[in-house]
Amino acid sequence: MLTKINHIGIAVKSLDETIPFYRDQLGMTFMGIEEVAEQKVKVAMLQIGDSKIELLEPTADDSPVAKFLEKNGPGVHHVAYETEEIEAAITHLQAKGARMIDTVPRNGAHGARIAFVHPKSSNGVLTELCQPGH
Ligand code: CMX
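Let me begin by describing the structure that accompanies this report. (Residues numbered from 1 in each chain as written. Predicted model: local features only at pLDDT ≥ 70, side-chain atom pairs only at ≥ 80, totals over all residues. Heavy atoms only, no water.)

The next subject is the packing of aromatic side chains. The full count for this structure, using the stated rule, is 1 aromatic pair. Both rings, one in phenylalanine 21 and one in tyrosine 22, keep their centres 5.0 Å apart while their planes meet at 80°; by these two values the pair is edge-to-face. Here tyrosine 22 falls in the buried class, since its relative accessible area comes to 12%. (Phe/Tyr/Trp six-rings, centres within 6.5 Å; stacked < 30°, edge-to-face > 60°. Buried < 20%, exposed > 50% of the residue type's maximum accessible area, 1.4 Å probe, protein only.)

In structure tokens, the structure reads:
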């Protein structure tokens with residue numbers, strides 16, 4: 001049902017100030033920046049091998065990522081698991097007792113369809129299901 005970790009999301013105050021660490025010091029490939037207006041974030045994706053890091057910068061004071069930064073400061077925000085069948089994955093998790101924030105998938109970066117499991121139901125780690133747009 002879930003095939004691998006698709007990416008790790010990291011909340012940052014500024015993409016411009018953070019990208020050089022991942023691109024220039026760690027040597028990751030910079031894949032570009034996209035605004036996800038619905039989520040009030042700008043997202044930068046970086047890749048190394050088959051692994052991806054998603055940097056998240058809030059675009060408004062009431063963005064969920066702005067709230068996270070206020071409370072915790074910059075750091076790991078979520079772990080995203082890949083699936084080819086997001087509706088089935090949501091149904092499966094609900095049947096197993098998980099509390100979904102999204103019972104219907106919403107739009108994520110790069111044409112993906114995503115759904116979040118509530119952090120209270122996943123031991124404090126915000127967990128995302130992600131069906132890539134391909
Ligand atoms: N990790 C752990 N706990 C988190 C959290 C996170 N990333 N974000 C919020 N929480 C906690 C809060 O601290 C809060 O805890 P308390 O009740 O103890 O205060 C609780 O969860 C509820 O948080 P909230 O922000 O008040 O609640 P909302 O229902 O408004 O939003 C959430 C919850 C997780 C959906 C939202 O904060 C969020 O982060 N949404 C996802 C945004 C995002 O990453 N979008 C980009 C996706 C792009 C992509 O991957 O393609």
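On to the sheet that holds strand S6 (residues 106-107). To summarise the sheet geometry, strands pair through backbone hydrogen bonds and adopt either a parallel or an antiparallel arrangement. Across the sheet, 8 strands lie side by side as S2-S3-S4-S1-S5-S8-S7-S6; this open sheet has mixed pairing. On the outer flanks of this sheet lie strand S2 (29-36) and S6, each paired with one strand and no other. The pairing of strand S1 (residues 2-11) with strand S4 (residues 51-58) spans 4 bridges and is classified as parallel. Looking at S4, one finds that glycine 9 is bridged to glutamate 54. (Pairing = 2+ DSSP bridges. Helix = DSSP H or I, 4+ residues; strand = E, 2+ residues; numbered from the N terminus.)

Our next topic: the site of the ligand. In the vicinity of the ligand, 21 residues are found, and the nearest of them are Gln39, Lys71, His77, Lys120 and Glu128. Calculation on the ligand without its partners gives an accessible area of 960 Å², and the protein chains cover 72% of this total. Residue assignment for the shell around the ligand shows that the elements contributing at least two residues are S4, helix H2 (64-72), strand S5 (75-83), strand S7 (113-117) and strand S8 (126-131). Top element by residues in the shell around the ligand is H2. It accounts for 4 residues. Among the residues forming the shell around the ligand, the class breakdown is 10 nonpolar, 6 polar and 5 charged. (Near = heavy atom within 4 Å. Areas by Shrake-Rupley, 256 points an atom, 1.4 Å probe, with all protein chains shown as cover. Nonpolar A, V, L, I, M, F, W, Y, C, P; charged D, E, K, R; others polar.)

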